[in-house]
Every structure is written in C-alpha cells, then in structure tokens.
Amino acid sequence: MKPILWAKDLQKRYVIHSKGKGPLGALRRQTRVVEALKGVSFSLESGELVGYIGPNGAGKSTTVKILSGILTPDGGQCQVMDRTPWKSRVAHVANIGVVFGQKTQLWWDLPVGDSLRLLRDIYRVPEARYKRMLDELVGRLDLESLMDVPVRQLSLGQRMRCELAGSLIHEPKLLFLDEPTIGLDAVTKLNVRDFIREINRDKGVTVILTTHDMDDIEALCSRVLLIGDGRLLLDGPLDALRQGQDERVLTAELERAADQTLGERLPLLDCQAQGHRVVLRFQQETLSAAQVIDYLNRNYGVKDVTVEHLPIEQVIARLYGRIGHGEVG
C-alpha cells in the first residue's frame, strides 16, 4: 500500500541571535545555529494513529510544521498525499487539519459559529456538505450551547473542542494534533481522547499526535515515533518502548504493617513501605511477581495487590538519559 505521507532525511536549522555580555553587549550580537532536525525519516499508511513523542526541543513541532507546509526544511524530502507541502500549500491544506494546543485557528472576538462559517468559506466547502459536517461535529463534540459564544469567552476545554471542529469542518484525510489535551481537565481530556479515536476508526482519518501526556499515547496509539535531539530514535509499536525494560512495580495493601527489613530480604530494586502499604520495584528475570506475593502473604498477609509495568513516562525518561550519554543514536 502506498503511504499517505513519507519523509526522508528532513533537516532544519535555526539561527539564534543573542546579545553579548557586558555593558556593550547589545552592540556585540552573537549568533549560533541550532539543528532542530538532523535527518528524520519515516512514513505513514492511510488510517494510522501514530504518537510522535520526545522531550521539549526534540523537533516534534518543527516536523509537524514542515509536514503541514508552514516551514520549509533546509534539507531532505517529503510528500504528503503526493504533494510537497511547502510547494503546494493551497492544495495541500485542503486535505489536512491542524490543531496546535496553545494556538487558535478561530477568530478571538467572533462567536464560534461565525468562525466555523469563515473556515467553510476559506476551504470552499459546499453548503450541503458543510451543514452535514457541522451537524455531526456539533453533536459529537457537544457544541450546541457554544455556537453563539465569542471564542475569547470559552474555557480551555470548550475552545479545544471548537478547535477540533474547525480542523475537521472540511473533512481532511490527515490530522495533525500538537498537544491537543494540554491543560484540560480529566473529563474533557477523556472526551477529546474518545473523539480522536472515533474519527480515526469511523472515518479513517490518519492522525499524527504529538503530546507529553503518556496516557494519551497509551490510550490511542498502536505505533510511536520517538524523537530526541533532532533524530528519530525509535519507530515501532508501543511495546517496543518497553523492550529491555522488564521491571515490574508491585503495590500491596497488607494485613500487618511491613517492618524495616522487608527491602533486605528480597532482591528488590526499590522498596517503599509506609504502614500497611508497600510499593516494590523488581526485575522480572530475577524475581517473579508470584514469588513476591507469596513472600508478602506468608509474612504480612495480603489484602490487595496490583502488578504493573514500569510507567511509560519512566521508560521514556530512561531513553532520554541514554540519548544524553550517547547510547542511542
């Protein structure tokens, strides 16, 4: 199957100007070059929902801006639906949607309904098609009560739902979501997450999701792209992040309070005991969960227990640490 998007050896450099030191520093401007992308390559099949993750400054937003036609790379190639984004911007944007969590595509002083109608005119959406899509989006995102409200009066959660509607009003085939759940409360975040899953599953919209919220990644994405220091470090299923990470975290509620020697009696990586509650971290290859539970039950009695993988945030943080020491490249 032909990919909907491919990028090969994308490179982008930024020239940063700053003033020099001392009282005459403003007259001694200093210049440095920051390499935001150092040869990033990947491709996406139609209908995929991919998580694009990495630390601040890794190159995520730069990649999205190149793929959406906002930036021109300094090197490399890419095609999105058989077009070069920055060379065919008008035709390109007709088939993509973009949501930047900290920026708006809506008009600040206009009611939401007027903003959506302006987007209809910009994208030249036929009236019948616009009305059908608007009715669907208003229903699925619960926007009925917001249509006459100026954008500046919306809460963050309300605005984000309206931003999603604006990005989809022209029925794009590809959707870029850059931190779409940033700052949202738990309920709104779950609703936005469900909506993203639905448009991907029911409409076949291809989605690239950049986020620092690993719950979003685990809930939505079967594939992840991990970028660090401008280089793509991993491209594969979510489980690939955990390869070589066979640690487990066991949390138990005990019948009798644990004593101070618990951490010395088992080959644990970490032991945190507070009264009747213990959190133990251990290596699966040297100690099984069944052995730990059996030991706790014999010595303290177990009322409740859960066993989990190491949290994905910690796995990724370790990968970042390896990046910093040059162990991944």
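Just above sits the structure.
Residues numbered from 1 in each chain as written. Predicted model: local features only at pLDDT ≥ 70, side-chain atom pairs only at ≥ 80, totals over all residues. Heavy atoms only, no water.

1. With respect to the overall build of the protein chain
Stated formally: Secondary structure elements are defined from DSSP: runs of H or I of at least 4 residues count as helices, runs of E of at least 2 residues count as strands, and each element is numbered from the N terminus. Three exposure classes are used, based on accessible area relative to the maximum for each residue type with a 1.4 Å probe and protein chains only: buried under 20%, partly exposed in between, and exposed over 50%. Any two residues having at least one pair of non-hydrogen atoms within 4.5 Å are treated as being in contact. Accessible surface area values rest on a Shrake-Rupley calculation with a 1.4 Å probe, where residue burial reflects the displayed protein chains alone.
Scanning the protein chain for helices and strands turns up 10 helices and 13 strands. Projecting the C-alpha coordinates of the protein chain onto the three principal axes gives extents of approximately 70 × 55 × 55 Å. Relative to its full complement of 329 residues, the protein chain shows a buried share of 47%. Expressed as a percentage of contacts within the protein chain between residues at least 6 apart in sequence, the contacts between residues at least 24 apart total 68%. If you sum the accessible surface of the protein chain, you get close to 16800 Å²; carbon and sulfur atoms cover 48% of it.

2. Thoughts on unusual backbone geometry
Working note: non-glycine residues mostly have negative phi, and peptide bonds are mostly trans. Notably, Met 81 is not glycine yet its phi reads approximately 50°, a positive angle. Within the secondary structure layout, Met 81 lies in the loop between strand 4 (75–80) and helix 2 (89–93). We note that Arg 124 has phi near 55°; this positive angle belongs to a residue other than glycine. Examined against the element boundaries, Arg 124 turns out to sit in the loop between helix 3 (112–123) and helix 4 (127–141).

3. Thoughts on the sheet that holds strand 4
Keep this limit in mind: Only when DSSP finds a minimum of two bridges between them are two strands counted as paired. An axis is simply a line fitted to the C-alpha atoms; with a helix, the fit covers only the stretch in contact. Between two such axes, the angle follows the N-to-C directions and lies from 0 to 180 degrees.
As summarised here, the arrangement of the 3 strands in space is 2-1-4, forming an open sheet in which the pairing is antiparallel. Edge positions in the sheet fall to strand 2 (30–44) and strand 4, since each of these pairs with one other strand and no more. Each adjacent strand pair in this sheet contributes to an overall mean axis angle of 30°, direction not counted. Bridge count for strand 1 (residues 5–18) against strand 2 is 12 bridges, and the pairing is antiparallel. Considered in strand 2, the bridge of Ala 7 is made with Phe 42. Across the sheet, helix 1 (residues 60–67) lies against strand 1, strand 2 and strand 4, angled at about 65° from strand 2, the strand it touches most.

4. Describing the pattern of salt bridges
Where side chains of opposite charge bring their charged atoms close, a pairing between them can arise. Formally: Basic side-chain nitrogens of Lys or Arg form a salt bridge, by our definition, when they fall within 4 Å of a carboxyl oxygen of Asp or Glu.
Under the counting rule described, the total for this entry stands at 24 salt bridges. Across the salt bridge formed by Asp 229 and Arg 231, the nearest N and O atoms sit 3.4 Å from each other. A salt bridge links Arg 298 to Asp 294, with the shortest nitrogen-to-oxygen separation between them at 3.0 Å. Here Arg 298 pairs with Asp 294, and both are found in helix 9 (residues 289–299), just 4 residues apart, close to one helical turn. You can call Arg 298 exposed: its relative accessible area is 56%. Of the residues examined, Asp 294 reaches a relative accessible area of 39% and is grouped as partly exposed. When salt bridges with common partners are traced through the structure, they connect Glu 136, Arg 140, Glu 198, Arg 201, Asp 202 and Lys 203 into a single cluster.

5. A closer look at the nonpolar core
As a reminder, the rule being used: Only buried residues count toward a nonpolar core. Its members are Ala, Val, Leu, Ile, Met, Phe, Trp, Tyr and Cys residues joined through side-chain atoms within 4.5 Å.
In this structure, Leu 116, Leu 137, Leu 143, Leu 177, Ile 217, Leu 226 and Leu 241 are the most contacted members of the largest nonpolar core, which totals 52 residues. Beyond its immediate chain neighbours, meaning those up to four positions away, Leu 137 contacts Asp 142, Leu 143, Ala 165, Leu 168, Ile 169 and Phe 195. Formed by 27 residues, the second largest nonpolar core is a distinct cluster that contains Ile 66, Cys 78, Val 98 and Ile 227.

6. Describing the packing of helix 4 against helix 5 (residues 156–168)
As a reminder, the rule being used: Any angle that is under 35 degrees is reported as roughly parallel, and any over 145 degrees as roughly antiparallel; angles of 65 to 115 degrees are reported as roughly perpendicular and all others as oblique. Left-handed describes a crossing in which the near helix is turned anticlockwise from the far one by less than a right angle; the clockwise case is right-handed.
Closest axis-to-axis distance for the helix 4/helix 5 pair is 10 Å, and the angle between their directions is 155°. Considered as vectors, helix 4 and helix 5 are oriented roughly antiparallel to each other. The interaxial crossing formed by helix 4 with helix 5 has right-handed handedness. Every residue of helix 5 that contacts helix 4 at Met 133, Leu 137 and Leu 141 is listed here: Arg 161, Leu 164, Ala 165 and Leu 168.

7. Topic: a nonpolar patch on the surface
Using the following cut-off: In this scheme, patches are assembled from residues that exceed 30% relative accessible area and form no salt bridge. Like charges are connected within 9 Å, while nonpolar side chains (Val, Leu, Ile, Met, Phe, Trp, Tyr) are connected within 5 Å.
A cluster of nonpolar side chains, namely Trp 107, Leu 118 and Ile 122, defines an oily patch on the protein surface of about 260 Å² accessible area. Relative to the helices and strands, Leu 118 resides in helix 3.

8. What to know about the packing of aromatic side chains
Selection rule: To pair, rings of Phe, Tyr and Trp, with the six-membered ring standing in for Trp, must have centres within 6.5 Å; the planes then decide the type, stacked if under 30 degrees apart, edge-to-face if over 60, and tilted in the middle. Ring-over charges, as used throughout, are those where CZ of Arg or NZ of Lys falls within 6 Å of the ring centre and within 35 degrees of the ring normal.
Tallied over the entire structure, the rule returns 1 aromatic pair. Judged by centre distance (6.0 Å) and plane angle (45°), the rings of Phe 42 and Tyr 52 are tilted. Taken as a pair, Phe 42 in strand 2 and Tyr 52 in strand 3 (residues 49–53) lie far apart in primary sequence, 10 residues in all. Here Phe 42 and Tyr 52 have matching classes, each one buried. Taking the ring centre of Tyr 130 as reference, the NZ or CZ of Arg 120 above it sits at 5.0 Å.

9. Overview of the layout of surface pockets
Just so we agree on the cut-off: Any residue with an atom within 4 Å of a point lines the site, the site being either a cavity, points on a 1 Å grid over the protein atoms alone where a 1.4 Å probe fits but cannot get out, or a pocket, an open set with protein on both sides within 12 Å along at least 5 of 7 lines. Grid points are joined across faces, edges and corners, and a volume is the space filled by probe spheres set on the points. Under the convention adopted here, Pro, Cys and the residues Ala, Val, Leu, Ile, Met, Phe, Trp and Tyr are nonpolar, Asp, Glu, Lys and Arg are charged, and Gly plus all remaining residues are polar.
Roughly 280 Å³ of internal volume is contained in the largest pocket. Taken together, 17 residues form the lining of the largest pocket, with Ile 70, Val 98, Phe 100, Gln 105 and Tyr 123 sitting closest to its centre. Looking at the lining of the largest pocket, the elements that each hand over two or more residues are helix 2, strand 5 (96–100) and helix 5. If you tally residues by element for the lining of the largest pocket, the top one is strand 5, at 5 residues. Among the residues making up the lining of the largest pocket, the classes are represented as 7 nonpolar, 7 polar and 3 charged.

10. Observations regarding the pairing of strand 5
Within strand 5, 5 of the 5 residues are buried, which leaves the element mostly enclosed by the surrounding structure. Burial along strand 5 is two-sided: Ile 96, Val 98 and Phe 100 facing one way and Gly 97 and Val 99 facing the other are all buried. Strand direction decides the pairing type here: strand 5 and strand 6 (residues 174–178), joined by 5 bridges, are parallel. Bridged to Gly 97 within strand 6 is Leu 175.

Taken by themselves, the reported measurements are silent on function.
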